[in-house]
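This is what each chain is made of:
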Amino acid sequence: MSTPPLASGHEGPHALRPLLDTVLDALDTGARARGGPLPAGGPEAVAARTRKAVGDVLPDRGDPHAVRTLVHAFAETAADPAHPLCAAHLHCPPLAVATAADLAASALNPSMDSWDQAPGASELERLVAGALAREIHPTGTPDSLVTTGGTESNQLALLLAREAHGGTVRLVCGANAHHSLPRAAWLLGLPEPVVVPAPRGTLDPDALDAALTRLSGPLLVAATAGTTDAGLIDPLPEIAAHCTAHGARLHVDAAYGGGLLFSDRHRTRLTGLDAADTVTLDLHKLGWQPVAAGLLAVRDTRDLTALRHRADYLNADDDTDAGLPDLLGRSLRTTRRPDVLKLAVTLKTLGRSGLGALVDQVCAHARQFAALVDAHPGFELHAPPVISTVLFRPTGATDTTVAAVRRALLTDGSAVLGRARLDGRLWLKATLLNPATGPDDLAALLHLAAASRATLVEGHTPR
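Residues numbered from 1 in each chain as written. Predicted model: local features only at pLDDT ≥ 70, side-chain atom pairs only at ≥ 80, totals over all residues. Heavy atoms only, no water.

### Structural notes on the nonpolar core
Part 1 of the reasoning: Among the nonpolar cores identified, the biggest contains 61 residues, and Val172, Val221, Leu250, Val252, Leu273 and Trp288 are the most heavily contacted of them.
Part 2 of the reasoning: When residues of this core are assigned to their parent elements, the largest contribution, 8 residues, is made by helix α12 (residues 340-375).
Part 3 of the reasoning: Setting aside its immediate chain neighbours within four residues, Val172 contacts Val194, Val196, Leu208, Leu212, Leu215, Leu219, Leu220, Val221 and Ala222.
Part 4 of the reasoning: Ranked by size, the runner-up nonpolar core spans 26 residues in total, among them Val373, Val405, Leu426 and Leu442. (Core = buried A, V, L, I, M, F, W, Y, C linked by side-chain atoms within 4.5 Å. Buried < 20%, exposed > 50% of the residue type's maximum accessible area, 1.4 Å probe, protein only. Helix = DSSP H or I, 4+ residues; strand = E, 2+ residues; numbered from the N terminus. Contact = heavy atoms within 4.5 Å.)

### A short note on the state of the cysteines
Part 1 of the reasoning: As enumerated under the stated definition, the model contains 0 disulfides in all.
Part 2 of the reasoning: Here Cys92 is not disulfide-linked; the sulfur of Cys86 is the nearest cysteine sulfur, at 11 Å.
Part 3 of the reasoning: According to the relative accessible area criterion, Cys92 is buried, its value standing at 5%.
Part 4 of the reasoning: The thiol sulfur of Cys243 is not disulfide-bonded, and the nearest other cysteine sulfur, from Cys173, lies at 12 Å.
Part 5 of the reasoning: By relative accessible area, which is 2% here, Cys243 ends up buried. (Disulfide = S-S within 2.5 Å.)

### Quick notes on helix α1 (residues 12-34)
Part 1 of the reasoning: For α1, built from 23 residues, the straight-helix expectation of 33 Å at 1.5 Å per residue is met to within 8% by its first-to-last C-alpha distance of 32 Å.
Part 2 of the reasoning: Looking at α1, one finds that the buried residues are Gly12, Ala15, Leu16, Thr22, Ala26, Gly30 and Arg34.
Part 3 of the reasoning: Here the buried face of α1 lies against α3 (66-76) and α4 (96-108).
Part 4 of the reasoning: Positive backbone phi, at 80°, marks Gly35, one or two positions downstream of α1. (Expected span 1.5 Å × (residues − 1).)

### Some words on the pattern of salt bridges
Part 1 of the reasoning: Summed over the entire model, instances satisfying the criterion amount to 22 salt bridges.
Part 2 of the reasoning: The residue Arg126 makes a salt bridge to Glu123 at a minimum N-O spacing of 2.6 Å. A residue pair is termed a helical-turn pair when its members lie 3 or 4 positions apart in one helix, as Arg126 and Glu123 do in helix α5 (residues 119-136) at 3 residues.
Part 3 of the reasoning: Among the salt bridges present, the one from Asp303 reaches Arg249, with a minimum N-O distance of 2.7 Å. On the criterion of sequence distance, the pair formed by Asp303 in the loop between β8 (294-298) and α10 (312-315) and Arg249 in strand β6 (residues 249-253) is long-range, its members being 54 residues apart. (Salt bridge = Lys/Arg side-chain N within 4 Å of Asp/Glu carboxyl O.)

### Details of unusual backbone geometry
Part 1 of the reasoning: Following Val291, the chain continues to Ala292 via a peptide bond in cis, the omega torsion being 10°.
Part 2 of the reasoning: Residue placement: Ala292 occurs in the loop between β7 (278-282) and β8.
Part 3 of the reasoning: Unusually for a residue other than glycine, Asn109 sits at a positive phi of about 55°.
Part 4 of the reasoning: Tracing the backbone through its elements, the reader meets Asn109 in the loop between α4 and α5.
Part 5 of the reasoning: Residue classification places Asn109 among the exposed positions, given a relative accessible area of 57%.
Part 6 of the reasoning: Backbone geometry places Asp423, a non-glycine residue, at a positive phi of 55°.

### Section: the packing of aromatic side chains
Part 1 of the reasoning: This structure, assessed with the given rule, holds 2 aromatic pairs.
Part 2 of the reasoning: With a centroid separation of 5.3 Å and 80° between ring planes, the pair formed by Phe369 and Phe392 is classed as edge-to-face. Linking Phe369 in helix α12 with Phe392 in strand β10 (residues 389-394), this pair joins segments that are 23 residues apart in sequence.
Part 3 of the reasoning: On the basis of relative accessible area, Phe369 is assigned to the buried category, the value being 0%.
Part 4 of the reasoning: Look at Phe392 and you get buried, because its relative accessible area is 0%.
Part 5 of the reasoning: Look at Phe379 and Phe392: their rings are 5.6 Å apart centre to centre, the planes differ by 65°, and that puts the pair in the edge-to-face class. With Phe379 in strand β9 (residues 379-381) and Phe392 in strand β10, this residue pair connects regions lying 13 residues apart in the sequence. (Phe/Tyr/Trp six-rings, centres within 6.5 Å; stacked < 30°, edge-to-face > 60°.)

### Focus: the sheet that holds β7
Part 1 of the reasoning: Read across the sheet, 7 strands follow the order β2-β8-β7-β6-β5-β3-β4 without closing on themselves; strand pairing throughout is mixed. With one partner strand each, in any of the chains shown, β2 (143-147) and β4 (194-196) form the two edges of the open sheet. Across this sheet, the average inter-strand angle for adjacent strands is 20°, counted without regard to direction.
Part 2 of the reasoning: Direction of pairing for β7 relative to β8: antiparallel, over a ladder of 5 bridges. (Pairing = 2+ DSSP bridges. Axes fitted to C-alpha atoms, helices over the stretch in contact; angles between N-to-C directions.)

### Things to note about the packing of helix α6 (residues 150-164) against helix α7 (residues 180-187)
Part 1 of the reasoning: Two elements in contact, α6 and α7, have axes whose closest approach is 9 Å; the angle formed by their N-to-C orientations is 50°. Taken together, the axes of α6 and α7 lie oblique to each other. For the pair α6 and α7, the crossing hand works out as right-handed. Facing α6, whose interface residues are Gly150, Thr151, Asn154, Gln155 and Leu158, α7 presents Ser180, Leu181, Ala184, Ala185 and Leu187. (Parallel < 35°, antiparallel > 145°, perpendicular 65-115°, else oblique. Left-handed = near helix turned anticlockwise from the far one by under 90°.)

Laid out in structure tokens, this is it:
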């Protein structure tokens, strides 16, 4: 048996080219077979189609057509974030240029844990991490770490806070905080978090002030810029002022809302962000990157010294003294892929104005969709959108009906809407992250929701 071709080396591009043609063709045929934003039939039907396509996962003899077969099945049974009726989650359609760059990263396969595995990539990461950190913290000595996303970034933020305070800190967060924050406190063995009310979906600064007044010991306040349920932004300037007054450290989870920094029109919504000691940012949300593309920015690079670690085979003292960069303290992970390449290519290709235009487009789509909902007698709008998330529900519907409407759309594969519980009620959630979405798509999304409700409740579908 001959050795299968490799992806890199002199022959790598020649071996990849016909395979890419096969993959691209299978992506196309799979999407056409799916026909909509989601495969129809629900979990059991989709699982059955997947099992049929895969067959024997590890056959005695290999199948030369496996790439075509499995990529076709993968695309046919996918949720396509580029489809305008796929609007449930913070799950963006990735840019083609970023996806192409990600191929190069996979082909060369550098590992970002020692310079001799990633010589150029390590410098590229330093440049990009520094540039993005300065977007958040324009003064001082900022830096950022590349992470897998908000969960890892939030955990790192708590770890750095703990170490900055000599090994202990207590998390104070809003009831609207992302679930990864209290979970990180649990993982790190920190005290039970203090949860501050968020009566309108955002952290109440007066309640925060009262909590900080009665608490003692090192404290980390976690605010949110872009909640997962409604895309709301906590009052960052007031929160920062209370943290300063009480000597508390501040972390802002801007995994969603951080992308507003690229927009001249919307970046003022993040006023006060630069006061944070640490900031979470995900560019696989408002950055249109393939997963994963997260960052944790720090205002003071000295905070990162807590992550320093020595493993002689990766960062021996004499190698570091001789000038080889030490990468091991840039992450809690050892082996990690060069996610920085797609970021660098995107930033360089689109520039600030190009990324800002995409942010402005999806925010405008949210306002347009909210206006459609508000004008429709069959729906209730929760509130005007802050970023690109719109919450709405059928007028007079019970929570049971709202949930059933969403599941019916998922089962027939016609539309993908999320769900959020806010103000004690269940809402349908449209998260609009596709810049190519048009007015007709927005109207179609609302019509499908109306038709689903009518079918469930009234037994007929409106024209």
